[in-house]
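# Report on the structure
The residues making up each chain are set out below.
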Amino acid sequence: MANHQSAKKRIRQIEKRRVHNRYYAKTARNAVKVLKGTSEKEAAQELLPKVASMLDKLAKKNIIHKNKAANLKSKLTKHVNAL
């Protein structure tokens, strides 16, 4: 276990950041699921920019990898265009 005060503070900071990152990653995953489950083109076209923005923000903050965000956006765009 941590002995130094700075190490204890680092543990507190990491835990707080982990919970924060998990919340935003889970929110984005739910938004992706909703978009994939949408069968109406108009609704999907409204959701796509919002979901893409969420993924870009996660990639910018290194919560998810930038290539993963790009792959997800590509797949979602293909899905919306196929509707």
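Quick note: structure is the one above.
Residues numbered from 1 in each chain as written. Predicted model: local features only at pLDDT ≥ 70, side-chain atom pairs only at ≥ 80, totals over all residues. Heavy atoms only, no water.

## Some remarks on the environment of Ala 69
Summarising the element assignment, Ala 69 is placed in helix H3 (residues 66-82). Since its relative accessible area comes to 2%, Ala 69 is described here as buried. A C-alpha to C-alpha distance of 6.3 Å links Ala 69 and Ala 59, two positions 10 residues apart in sequence. Not counting residues within four places of it along the chain, the set of residues in contact with Ala 69 comprises Leu 55, Ala 59 and Ile 64. (Helix = DSSP H or I, 4+ residues; strand = E, 2+ residues; numbered from the N terminus. Buried < 20%, exposed > 50% of the residue type's maximum accessible area, 1.4 Å probe, protein only. Contact = heavy atoms within 4.5 Å.)

## Re the pattern of salt bridges
As enumerated under the stated definition, the model contains two salt bridges in all. One salt bridge connects Arg 18 with Glu 15, and the closest N-O pair in it is separated by 2.9 Å. Of this pair, Arg 18 and Glu 15 both sit in helix H1 (residues 5-37), three residues apart, roughly one helical turn. When its relative accessible area of 39% is taken as the criterion, Arg 18 is described as partly exposed. For the salt bridge of Lys 73 with Asp 56, the shortest nitrogen-to-oxygen distance reads 2.8 Å. In this pair, Lys 73 sits in helix H3 while Asp 56 sits in helix H2 (residues 41-60), placing the two residues 17 residues apart along the sequence. Under the relative-accessibility criterion, Asp 56 is labelled partly exposed at 36%. (Salt bridge = Lys/Arg side-chain N within 4 Å of Asp/Glu carboxyl O.)

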